[in-house]
Amino acid sequence: MRQAQLTVSHHVTTDGVHVVLLAGEIDHTTTDLFRQALAPEGGFARHTVIDFRAVTFMDSSGINVLVAANNAARAANGWLRLAHTPRPVAQVLHIVGLDDVIRLHPTLNDALAAQIAA
């Protein structure tokens, strides 16, 4: 059995939005890295956009991280948005109903523009 690979890069925009770019697979072997990317200083960011454009797989482990990040953002009067979500990942989100809770945007720019309009 091979271990999944996940690469992460992130930055903060000038208006304070934490942008996380992911590539690879999100499963039980990579969720710690995923969680750390969403909480780089030990706590989840108030406003976060995750770009899933290069994610090829996500299981329930990733769903758990997203739920925790979304709950933390909402508790801080913030939000979590997902951008460029590929069909396999979007299907998982839809099956568990998370696409009704976390806003999905077709591109990173759309997700960031929605932040300005909010």
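Our subject is the structure that appears above.
Note that the coordinates shown come from a computational prediction; the quantities given were computed from them, not determined experimentally.

The rules behind the values
- Residues numbered from 1 in each chain as written.
- Predicted model: local features only at pLDDT ≥ 70, side-chain atom pairs only at ≥ 80, totals over all residues.
- Heavy atoms only, no water.
- Helix = DSSP H or I, 4+ residues; strand = E, 2+ residues; numbered from the N terminus.
- Buried < 20%, exposed > 50% of the residue type's maximum accessible area, 1.4 Å probe, protein only.
- Contact = heavy atoms within 4.5 Å.
- Core = buried A, V, L, I, M, F, W, Y, C linked by side-chain atoms within 4.5 Å.
- Pairing = 2+ DSSP bridges.
- Axes fitted to C-alpha atoms, helices over the stretch in contact; angles between N-to-C directions.

(A) Inspection of the side chain of Thr 31 at higher detail. Looking at where Thr 31 falls in the secondary structure, it is placed in helix α1 (residues 31-38). Taking relative accessible area as the criterion, Thr 31 reaches 8% and is therefore assigned buried. With residues up to four places along the chain from it excluded, the contact list for Thr 31 reads Ile 26, Ser 61, Gly 62 and Val 65.

(B) Expanded view of the nonpolar core. With 21 residues, the main nonpolar core has Leu 22, Phe 34, Ile 50, Phe 52 and Leu 66 as its most contacted residues. Breaking this core down by element, the ones donating at least two residues are β2 (18-26), α1, β3 (47-58), α2 (60-75), β4 (79-83) and α3 (87-95). Among residues more than four places away in sequence, those in contact with Phe 52 are Leu 22, Ile 26, Phe 34, Met 58, Leu 66, Leu 82, Ala 83, His 84, Thr 85, Pro 86 and Val 89. Core analysis: the next-biggest nonpolar cluster, separate from the first, contains seven residues, Val 17, Val 19, Ala 83 and Ala 111 among them.

(C) Fine view of unusual backbone geometry. A positive phi is found at Asn 77, a non-glycine position, where the angle reads about 60 degrees. On the secondary structure map, Asn 77 appears in the loop between α2 and β4. Look at Asn 77 and you get exposed, because its relative accessible area is 65%. Positive phi, normally seen in glycine, also occurs at His 84, with a value near 55 degrees. Tracing the backbone through its elements, the reader meets His 84 in the loop between β4 and α3.

(D) How the structure looks around the pairing of β2. Summarising burial for β2: seven of the nine residues are buried, a large majority. Bridging between strand β1 (residues 6-12) and β2 involves seven bridges; their strand directions are antiparallel. Bridging from a neighbouring strand, Val 8 pairs with Leu 22 of β2. Where β1 folds back on β2, the antiparallel hairpin that results is connected by five residues, among which Gly 16 adopts a positive phi of roughly 85 degrees.

(E) Inspection of the sheet that holds β4 at higher detail. Strand order in this open sheet of five strands is β1-β2-β3-β4-β5, and the pairing throughout is mixed. Each end of this open sheet is capped by a strand with a single partner; those strands are β1 and β5 (103-105). Along the sheet, successive strands turn relative to each other by an average axial angle of 25 degrees, direction set aside. Here α2 sits on the sheet and contacts β2, β3 and β4; the angle it forms with β4, its principal contact strand, is near 140 degrees. Sheet strands touched by α3: β3, β4 and β5. Its angle to β3, the strand with the most contacts, is close to 115 degrees.

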